[in-house]
Amino acid sequence: MKLYAKTIAQTLPDWATVVTKSADLFEIEINDEHPNFQSLLEELETEIEPGTFGVKAEDLCSRLGIEMSSPHLHQLVEQAQTLIAEIATHPDYKQLLEVGYQPDLNIADAQTALTYLQWELERNRELSN
């Protein structure tokens, strides 16, 4: 699991690692299978809405001493394009195709939709300059 933060605590737990650091963004990789992380989740678990239990992101971030950041939309689009490309080449996905998996929309449709979104973001950025 990854988190994007504006600020982080001086020290992070052993199940959290800073992957990248830029002037205004820290990318933090969380080993969500680590027993200490699982214990923290159990400790923070609350009823989010009637009948639904989970952990609020703000509670987790507060405990870690980090301030969350919302990545820019163009960053999310780039990440989504990378993930879709990985899915398209994944052996399990290829195996599904070989045994007859034929969705109404396919990987190429998703890639096209993201490309159109990226073009629109770029067009709006140019218009605002």
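Residues numbered from 1 in each chain as written. Predicted model: local features only at pLDDT ≥ 70, side-chain atom pairs only at ≥ 80, totals over all residues. Heavy atoms only, no water.

Another aspect to go through is the overall build of the chain. Looking only at helices and strands, the chain has five helices and six strands in total. Listing the helices and strands of the chain from first to last along the sequence gives β-β-β-α-β-β-α-β-α-α-α. Taken over C-alpha atoms, the radius of gyration comes to 19 Å for the chain, far larger than the 14 Å a tight globule of 129 residues would show. When the backbone C-alpha atoms are referred to their principal axes, the chain occupies close to 50 × 45 × 35 Å. (Helix = DSSP H or I, 4+ residues; strand = E, 2+ residues; numbered from the N terminus. Rg over C-alpha atoms; globule rule 2.2 N^0.38 Å.)

Pairing within the open sheet is antiparallel, and its four strands lie in the order S2-S3-S1-S6. Only two strands of the sheet have a single partner each, and these edge strands are strand S2 (16–21) and strand S6 (67–68). (Pairing = 2+ DSSP bridges.)

Quick look at the environment of Leu12 now. Within the secondary structure layout, Leu12 lies in the loop between strand S1 (2–7) and S2. As for Leu12 and Phe37, which are separated by 25 residues in sequence, their C-alpha atoms are 12 Å apart. Beyond its immediate stretch of four places on either side in the chain, Leu12 contacts Val18, Ile28, Leu64 and Ile66. (Contact = heavy atoms within 4.5 Å.)

Right, let's talk about the packing of helix H3 (residues 73–89) against helix H5 (residues 107–128) for a bit. Packing of H3 against H5 brings their axes to within 10 Å, and their N-to-C directions diverge by 160°. On the basis of their axis angle, the class for H3 and H5 is roughly antiparallel. Relative to H5, H3 is oriented so that their crossing is left-handed. Residue-level inspection shows Leu73, His74, Val77, Glu78, Ala80, Gln81, Ile84, Ala85, Ile87 and Ala88 of H3 in contact with H5, the latter providing Ile107, Ala110, Gln111, Leu114, Thr115, Leu117, Gln118, Leu121 and Arg125. Class assignment of the residues belonging to the contact of H3 with H5 gives a composition of twelve nonpolar, five polar and two charged. (Axes fitted to C-alpha atoms, helices over the stretch in contact; angles between N-to-C directions. Parallel < 35°, antiparallel > 145°, perpendicular 65-115°, else oblique. Left-handed = near helix turned anticlockwise from the far one by under 90°. Nonpolar A, V, L, I, M, F, W, Y, C, P; charged D, E, K, R; others polar.)

Scanning all chains against the criterion turns up three aromatic pairs. Centre to centre, the rings of Tyr93 and Tyr101 are 6.3 Å apart; their planes meet at 80°, and the pair counts as edge-to-face. In this structure Tyr93 comes out as buried when scored by relative accessible area, which is 15%. Tyr101 gets classed as partly exposed once you look at its relative accessible area, which sits at 39%. The interplanar angle of 45° and the centroid separation of 5.6 Å between the aromatic rings of Tyr116 and Trp119 together place this pair among those described as tilted. Here Tyr116 pairs with Trp119, and both are found in helix H5, just three residues apart, close to one helical turn. For the residue pair Tyr116 and Trp119, the accessibility class agrees, reading exposed in each case. (Phe/Tyr/Trp six-rings, centres within 6.5 Å; stacked < 30°, edge-to-face > 60°. Buried < 20%, exposed > 50% of the residue type's maximum accessible area, 1.4 Å probe, protein only.)

Counting buried positions over the five residues of strand S3 (residues 26–30) gives four, a clear majority of the element. For S2 and S3, the ladder comprises five bridges, and the chain directions are antiparallel. Residue pairing in the sheet places Val18 in a bridge with Ile28 of S3. Linking two consecutive strands that pair antiparallel, namely S2 and S3, is a turn of four residues.

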